[in-house]
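Architecture and fold: a report
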Amino acid sequence: MAEEVVLLSFWPSYYGMRVSIALEEKGINYELKEEAVNGGKSPLLLKMNPIHKKLPVLIHNGRPICESLIILEYIDQIWNHRSPLLPSDPYQRSQVRFWADYVDDKVYPSGRRIWMSKGEEQEAAKEEFMEGLKVLEGELGEKAYFGGETMGFIDVSLVPMSSWFYALETCANFNIEAECPKLMNWVKRCMEKESVSKSLPDPHKVNDLVLEIRKWEGLD
Ligand code: GS8
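Residues numbered from 1 in each chain as written. Predicted model: local features only at pLDDT ≥ 70, side-chain atom pairs only at ≥ 80, totals over all residues. Heavy atoms only, no water.

Quick look at the site of the ligand now. With respect to spatial proximity, the complete set of residues near the ligand consists of Phe10, Ser13, Tyr15, Lys41, Lys54, Leu55, Pro56, Glu67 and Ser68. Separating an oxygen atom of the ligand from a side-chain N or O atom of lysine 41 is a distance of 2.4 Å. In the model, a nitrogen atom of the ligand is placed 2.8 Å from a nitrogen or oxygen of the leucine 55 main chain. Taking 520 Å² as the accessible area of the ligand by itself, protein coverage stands at 70%. Looking at the shell around the ligand, its residues break down into four nonpolar, two polar and three charged. (Near = heavy atom within 4 Å. Polar contact = N/O pair within 3.5 Å; in protein donor to acceptor, adjacent residues only side chain to side chain. Areas by Shrake-Rupley, 256 points an atom, 1.4 Å probe, with all protein chains shown as cover. Nonpolar A, V, L, I, M, F, W, Y, C, P; charged D, E, K, R; others polar.)

Right, dumping it as structure tokens:
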């Protein structure tokens, strides 16, 4: 039976980008159904994710899977023929999940606060964001990818944020590369992979969106 794989997402969502990268890495054909950025929630999204009503949702043969990190694990288990994302050793797995949670708890929320605020609040968010990135840079160390020689779960979880770096730097006037050079080299290494470059939007397009939202919100 042919598999039916549908991804509900929208282009600037770093959570959604994680899922596209994983599907591309696994070589899975899928249909992308984009929600409008500001058009309200579609009936399909409300049906498929009635609890959180959030993107992304993966619909596999009609059944929804929600929450991007849970979706990544699902993809890795279902399509385990190539490009493993999680290590098989239980201890290593626990460490990978720890760092992916760290990205979600520390890096993504402070990144969002940078572009959704100004003044002192923005400064505090910037500090927390850079602190988080520096910890991650330490964890990366001299490795090519977070998992070692090949791209894995942490890489796929974190690299989508890099498409927002330009917008963050522009709105809060800082330079990530100056403080995290190894991390920026890692971003470039990931971007050499088609699965990543195909899934991430143009940073200028993200910046235009940020400028527009800041204007609506009266922040600029
Ligand atoms: C977060 C998803 C999320 O915030 C995950 O999938 O990992 N923990 C979840 N999705 C956003 C779009 S991306 O910024 C979303 O759907 N927001 C709509 C809303 O909050 O109502």
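Looking at the element boundaries, serine 68 is found in helix H3 (residues 68-78). Separated by 2.8 Å, the side chains of serine 68 and arginine 18 make a polar contact. In this view, serine 68 contacts Tyr15, Arg18, Val19 and Pro56; residues no more than four positions away in its chain are not counted. (Helix = DSSP H or I, 4+ residues; strand = E, 2+ residues; numbered from the N terminus. Contact = heavy atoms within 4.5 Å.)

The strands that make up a sheet are held in pairs by hydrogen bonds between backbone atoms, and each pair lies either parallel or antiparallel. Taken in spatial order, the four strands make up an open sheet running S2-S1-S3-S4, and their pairing is mixed. Two strands lie at the open edges of the sheet, namely strand S2 (31-34) and strand S4 (63-66), each paired on one side alone. For this sheet, the mean angle separating the axes of adjacent strands, direction not counted, is 25°. Relative to strand S3 (residues 57-60), strand S1 (residues 5-9) is paired through four bridges, and the arrangement is antiparallel. Across the sheet, residue leucine 8 finds its bridge partner in S3, namely valine 57. Lying over the sheet, helix H1 (residues 14-26) contacts S1 and S3, oriented at roughly 155° with respect to S1. (Pairing = 2+ DSSP bridges. Axes fitted to C-alpha atoms, helices over the stretch in contact; angles between N-to-C directions.)

A few words on the packing of helix H7 (residues 165-172) against helix H11 (residues 203-216). Two elements in contact, H7 and H11, have axes whose closest approach is 7 Å; the angle formed by their N-to-C orientations is 45°. When the interaxial angle is binned, H7 and H11 end up oblique. The interaxial crossing formed by H7 with H11 has right-handed handedness. On H11, the residues touching Tyr166, Ala167, Thr170 and Cys171 of H7 are Pro203, His204, Val206, Asn207, Val210 and Arg214. In the contact of H7 with H11, the residues fall into six nonpolar, three polar and one charged. (Parallel < 35°, antiparallel > 145°, perpendicular 65-115°, else oblique. Left-handed = near helix turned anticlockwise from the far one by under 90°.)

Evaluated as defined, the whole model comprises 10 aromatic pairs. Geometrically, the ring pair formed by tyrosine 14 and tyrosine 15 is edge-to-face, given 5.3 Å between the ring centres and 65° between the ring planes. Judged by its relative accessible area of 29%, tyrosine 15 is partly exposed. Judged by centre distance (6.3 Å) and plane angle (80°), the ring pair of phenylalanine 129 and phenylalanine 165 falls under edge-to-face. On the criterion of sequence distance, the pair formed by phenylalanine 129 in helix H5 (residues 119-140) and phenylalanine 165 in helix H7 is long-range, its members being 36 residues apart. (Phe/Tyr/Trp six-rings, centres within 6.5 Å; stacked < 30°, edge-to-face > 60°. Buried < 20%, exposed > 50% of the residue type's maximum accessible area, 1.4 Å probe, protein only.)

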